[in-house]
Amino acid sequence: MTVVDNAVYIDGRRSVEPASLDQTYEELRRCPGDGHSFGWIGLLRPNLDEINSVAKEFNLHDLAIEDTVTAHQRPKFERYGDTEFIVLRPARYVDPGEVIEIGEVHLFLGPDFVVTVRHAEEPDLAEVRHRLEDDPELLAHGPFAVLYAVLDKVVDDYAPVLDGLQDDIDQIEVQVFDGDPTASRRIYQLTREVIEFQRAVEPLREIFSELRTRFGKDGETTDLELRRAFRDVADHSTRVLERTENFRQLLTSILTVNSTLVGQRQNEEMTRLTEAGYEQNEQVKRISSWAAILFAPTLIASVYGMNFTHMPELNWLLGYPMAIGLMLLLGLVLYLVFKRRGWL
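Residues numbered from 1 in each chain as written. Predicted model: local features only at pLDDT ≥ 70, side-chain atom pairs only at ≥ 80, totals over all residues. Heavy atoms only, no water.

A. Local environment of empty space enclosed by the protein. Tallying each qualifying case throughout the model produces one cavity of 30 Å³ or more. Put simply, the largest cavity is a space of about 40 Å³. Every residue lining the largest cavity is listed: Leu43, Ile51, Val54, Leu60, Ile65, Thr68, Phe108, Val115 and Val117. Sorting the residues of the lining of the largest cavity by element identifies α2 (48–58), α3 (62–70) and β9 (113–118) as the ones contributing at least two each. Residue composition of the lining of the largest cavity, grouped by class: eight nonpolar, one polar and no charged. (1 Å grid on protein atoms, 1.4 Å probe; cavity = no way out; pocket = protein on both sides within 12 Å on 5 of 7 lines; lining within 4 Å. Points joined across faces, edges and corners; volume = space filled by probe spheres on them. Helix = DSSP H or I, 4+ residues; strand = E, 2+ residues; numbered from the N terminus. Nonpolar A, V, L, I, M, F, W, Y, C, P; charged D, E, K, R; others polar.)

This is the structure:
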């Protein structure tokens with residue numbers, strides 16, 4: 001059902017539960033219009049006919065209706081005549097995927113009506129309605145009491161998101177200093193989530209600024225307790241904004257540290273590879289030197305080992321000692337040469 005709940009409140013108490021939107025309109029027309037009664041219509045993913053019906057009855061501005069139909073709006077506070085249009089972006093942290101799901105809630109506030117339009121299952125505004133119905137004194141303040149309660153719910157739901165982000169950042173810090181190769185990807189993904197969350201939260205400053213202006217101009221909404229309630233929510237939203245900005249800066253610092261540590265590890269690995277290459281080169285030099293030293297006697301022995309009849313020094317008495325001596329001399333010379341060059 002797109003119409004989640006639908007009721008008329010008089011002096012802060014649920015007075016009438018209309019069976020349809022048309023009946024709600026009729027009940028509101030019969031109300032005295034003294035500011036102590038209003039209707040609250042809650043819609044979940046309404047179809048175009050329902051939106052047009054509400055727009056026609058309460059004379060909602062075409063631009064606000066267009067924003068509601070298309071959705072995907074940034075948080076904002078706009079005023080069209082005696083009607084306020086507010087867009088809020090609630091958030092929910094999904095731990096298994098380490099993602100933040102951003103929802104969207106639209107509110108139309110008039111002198112005697114509130115229309116809440118949700119484009120996602122969360123947040124459950126039934127909790128907000130029950131809370132207000134349990135506090136008739138607060139609900140008696142009219143549509144702005146509903147706005148306060150919805151804002152309070154949205155801002156309070158940001159706390160678990162911040163806690164989830166804090167846990168992820170703590171885990172990432174451990175990963176970075178442990179040299180986990182997946183840390184960079186996780187930092188990047190979490191940074192994107194923080195940026196998306198910041199886009200949902202940061203415009204709240206403008207919304208509360210507009211509310212302060214609204215309270216200053218309209219005596220009907222300058223009730224002291226309600227102003228204090230809005231100020232309390234504004235303080236909570238400021239803390240959310242500050243923590244979100246701190247998270248973004250912290251993730252940037254962690255990414256920088258991770259890049260530095262990765263660079264250091266790469267340099268250390270290159271140093272080890274260079275040292276290993278140098279040591280391998282030294283071994284090759286030694287092997288090559290001894291191979292050359294052994295090659296010289298082998299060459300001489302192979303020459304005199306050929307079975308030819310006419311060869312010099314074959315019949316000479318000192319031929320054999322000369323060949324042996326030549327082998328030793330050539331080997332010694334090569335050894336001294338390689339030794340001098342540092343190959344041995």
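B. Fine view of the packing of aromatic side chains. Going through the model one piece at a time under the given rule, you end up with seven aromatic pairs. Aromatic side chains Tyr9 and Trp40 sit 6.4 Å apart centroid to centroid with 45° between the ring planes, which places their arrangement in the tilted category. Of this pair, Tyr9 sits in strand β1 (residues 3–10) while Trp40 sits in strand β3 (residues 37–44), placing them 31 residues apart in sequence. Each member of the pair, Tyr9 together with Trp40, is buried. A cation sits over an aromatic face here: Arg129 above Trp40, 4.0 Å from the ring centre. (Phe/Tyr/Trp six-rings, centres within 6.5 Å; stacked < 30°, edge-to-face > 60°. Buried < 20%, exposed > 50% of the residue type's maximum accessible area, 1.4 Å probe, protein only. Lys NZ or Arg CZ within 6 Å of the ring centre and 35° of its normal.)

C. Representation of the packing of helix α4 (residues 125–133) against helix α6 (residues 143–156) in the model. Packing of α4 against α6 brings their axes to within 10 Å, and their N-to-C directions diverge by 130°. Between α4 and α6, the angle is such that the two are oblique. The way α4 lies across α6 gives a crossing that is right-handed. Counting all contacts with α4, which are made through Leu125, Glu127, Val128, Arg131 and Leu132, the residues of α6 involved are Ala145, Val146, Tyr148, Ala149, Val150, Asp152 and Lys153. Here the contact of α4 with α6 is composed, by residue class, of eight nonpolar, no polar and four charged. (Axes fitted to C-alpha atoms, helices over the stretch in contact; angles between N-to-C directions. Parallel < 35°, antiparallel > 145°, perpendicular 65-115°, else oblique. Left-handed = near helix turned anticlockwise from the far one by under 90°. Contact = heavy atoms within 4.5 Å.)

Geometric descriptors of this kind do not, in isolation, establish any biological role.
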